[in-house]
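Residue-level listing of the chains:
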Amino acid sequence: MNQHPALARYVVAASLARLGDGGGVVAIVLLATMRGDGGATAGLLGACLTAPHLLGPFVARRIDLAADGRKVIATACALYATALMTAVTTYGHIPLALTGMLLAIAGLCGPLLTGGISTRLPAIAGKNLRRAQGWDIATYGIGGTVGPSIVAAVSAWSTPALAAQCLAIAVFVAAWLVMRLPYAAPEHGGNPHTVPSAWRTIQLITQEGRLRRTLYMTMLVAFSMAALPITAVHMTGMLGISLAGAAAMTAAYGIGNLSGSVGIMLRPLRGSPDQGMTGWALCAAAGLCAIVLSPGWIIAVGLFWLSGAVNAFFFAATLAARTEYAPANARGQIFLWVAAMKITAGSAGTAVAGMLAGWNVRLPLLLGITLIASAALLSTLDRKLNRKAA
């Protein structure tokens, strides 16, 4: 099989699906706000779309059980697109509870658009998996930055409803492309009873040292790095710059993430992902420390870019760890458990940063440095204890 066309289809499918997932909540919040329904309604509808992501790991078992995992992911894409389009088209014409229910259905499919699609990459990339993961990280960056940007642009030109409908169409196209990815035989070898339950998968993660370290390091780094956009806004006063400067710092972080993914394509990570996560986490802590000490705006922009690039390499290490350390018959569930916990930790990090930055702009970053350094130390001790036990 020629990998290049298949990888190209994967990149386009993953980008379109993650555009929908990344921009959907922005479109919903703008739709409710511009209709004059108030911040409480906008927040409630946004939560209806994002909160069900936590249930994604329970849905993920269908990928591991299915004879053809592509059908599960394509169905999730189609259902997400249908529910989102119906919700925005009928908004204001049906009870709010029904709109919330439609968005919750879409939200339940969301994890399959992100972590779920990543489970298809090993069958496409083969021995070049680590290089291909650079493309995968780029699609996450596209979803998180381009998706909301498209929503903002279309909303300014027309309406948030049209923006959401454009996202739904993109996810529909992703469903079609997913079914054109190479088929991979199920890892359960024809015996679905070998696929562990959701709760048994949690036990596997907590008992297997490398997966356990992948989980808590992913969560703590996500929690800490989520402070950067909040910090950028509050640094404007400290550095004596306008809010446009904060936007530049945030954009530099996103560009850095994409730059890091390009670096991974050119020079894939080598060695143990387990040890790599610890090393890149320490680099992330060093980047936060440099931002705390930043003397001026231009240097801060450069440091935000560097932090984004380092985070891409850390993310690549976690993707490699999930792929290489997860049991084949539970890989889909483990992918989505880590992804769901990462999203949750990032949301919590944003909320905590918002509270702490009001007291002192450096507090969220200092907390992040402490947490990441603690995670790196804990992972090192954890690894040594595992070696002694072995």
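Below or above, wherever it landed, is the structure these notes cover. Everything quoted here is computed from the prediction, not taken from an experiment.

Here we look at the overall build of the protein
Right, on to step 1. What the protein contains, in helices and strands, is 16 helices and zero strands.
Right, on to step 2. For the protein, whose C-alpha radius of gyration is 21 Å, the value lies close to the compact-globule estimate of 21 Å for 390 residues.
Right, on to step 3. Over its C-alpha atoms, taken along the principal directions, the protein stretches across nearly 60 × 60 × 40 Å.
Right, on to step 4. Evaluated residue by residue, the protein yields a buried proportion of 53% over its 390 residues.
Right, on to step 5. Relative to all contacts within the protein whose residues are 6 or more apart in sequence, the contacts with residues 24 or more apart total 84%.
Right, on to step 6. Carbon and sulfur atoms make up 70% of the accessible area of the protein, which amounts to about 16,200 Å² in all.
Right, on to step 7. Here the protein contributes 26 positively and 10 negatively charged side chains, and the mean placements of these two sets differ by 5 Å.

Describing helix H8 (residues 160–178)
Right, on to step 1. Its 19 residues give H8 an end-to-end C-alpha distance of 27 Å, which sits within 8% of 27 Å, the value for a rise of 1.5 Å per residue.
Right, on to step 2. Turning to H8, its buried residues are Pro160, Ala161, Ala163, Ala164, Leu167, Ala168, Ala170, Val171, Ala174, Ala175, Leu177 and Val178.

Overview of the environment of Arg362
Right, on to step 1. Tracing the backbone shows Arg362 in the loop between helix H15 (331–357) and helix H16 (363–389).
Right, on to step 2. The class of Arg362 is partly exposed, set by a relative accessible area of 35%.
Right, on to step 3. Each C-alpha atom of the pair Arg362 and Ala222 lies 18 Å from the other, and the pair is 140 residues apart in sequence.
Right, on to step 4. Setting aside anything within four residues of it in sequence, one finds Arg362 in contact with Met238 and Val292.
Right, on to step 5. Within polar-contact distance, the side chain of Arg362 engages the backbone oxygen of Val292 at 3.3 Å.

Some points on the environment of Ile241
Right, on to step 1. Following the sequence through the fold, Ile241 ends up in the loop between helix H11 (227–239) and helix H12 (243–266).
Right, on to step 2. Ile241 has contacts with Thr236, Ala246, Met249 and Trp297, leaving out every residue within four places of it along the chain.

Overview of empty space enclosed by the protein
Right, on to step 1. Going through the model one piece at a time under the given rule, you end up with three cavities of 30 Å³ or more.
Right, on to step 2. Put simply, the parts of the chain that give the lining of the largest cavity at least two residues each are helix H10 (209–225), H15 and H16.
Right, on to step 3. Partitioned by chemical class, the residues of the lining of the largest cavity number six nonpolar, three polar and no charged.

Focus on helix H2 (residues 38–50)
Right, on to step 1. In this model, H2 (13 residues) spans 19 Å end to end at C-alpha, consistent with the 18 Å of a helix rising 1.5 Å per residue.
Right, on to step 2. Residues of H2 that are buried: Thr41, Ala42, Leu45, Gly46, Cys48 and Leu49. With its buried residues spanning 155° around the axis, H2 presents them on a single face. Exposed side of H2, more than 90 degrees from the buried face: Gly39 and Ala40 are the residues found there.

Some points on the layout of surface pockets
Right, on to step 1. Its volume calculated, the largest pocket comes out at about 1,700 Å³.
Right, on to step 2. The wall of the largest pocket is formed by 42 residues, among which Tyr140, Gly144, Lys342, Ile343 and Gly346 lie closest to the centre.
Right, on to step 3. Listing elements by their share of the lining of the largest pocket, those giving two or more residues are helix H1 (3–34), H2, helix H7 (129–157), H10, H11, H12, helix H14 (297–325) and H15.
Right, on to step 4. Here the lining of the largest pocket is composed, by residue class, of 20 nonpolar, 18 polar and four charged.

What to know about the pattern of salt bridges
Opposite charge on two side chains makes pairing possible when the charged atoms of those side chains draw close.
Right, on to step 1. This structure, assessed with the given rule, holds nine salt bridges.
Right, on to step 2. One salt-bridge network, held together by shared partners, links Arg212, Arg213, Asp274, Asp382 and Arg383.

Each value, and the rule that gives it
- Residues numbered from 1 in each chain as written.
- Predicted model: local features only at pLDDT ≥ 70, side-chain atom pairs only at ≥ 80, totals over all residues.
- Heavy atoms only, no water.
- Helix = DSSP H or I, 4+ residues; strand = E, 2+ residues; numbered from the N terminus.
- Rg over C-alpha atoms; globule rule 2.2 N^0.38 Å.
- Buried < 20%, exposed > 50% of the residue type's maximum accessible area, 1.4 Å probe, protein only.
- Contact = heavy atoms within 4.5 Å.
- Areas by Shrake-Rupley, 256 points an atom, 1.4 Å probe, with all protein chains shown as cover.
- Lys, Arg positive; Asp, Glu negative; His and termini not counted.
- Charge placed at Lys NZ, Arg CZ, Asp CG, Glu CD.
- Expected span 1.5 Å × (residues − 1).
- Polar contact = N/O pair within 3.5 Å; in protein donor to acceptor, adjacent residues only side chain to side chain.
- 1 Å grid on protein atoms, 1.4 Å probe; cavity = no way out; pocket = protein on both sides within 12 Å on 5 of 7 lines; lining within 4 Å.
- Points joined across faces, edges and corners; volume = space filled by probe spheres on them.
- Nonpolar A, V, L, I, M, F, W, Y, C, P; charged D, E, K, R; others polar.
- Arc of directions from axis to C-beta.
- Salt bridge = Lys/Arg side-chain N within 4 Å of Asp/Glu carboxyl O.

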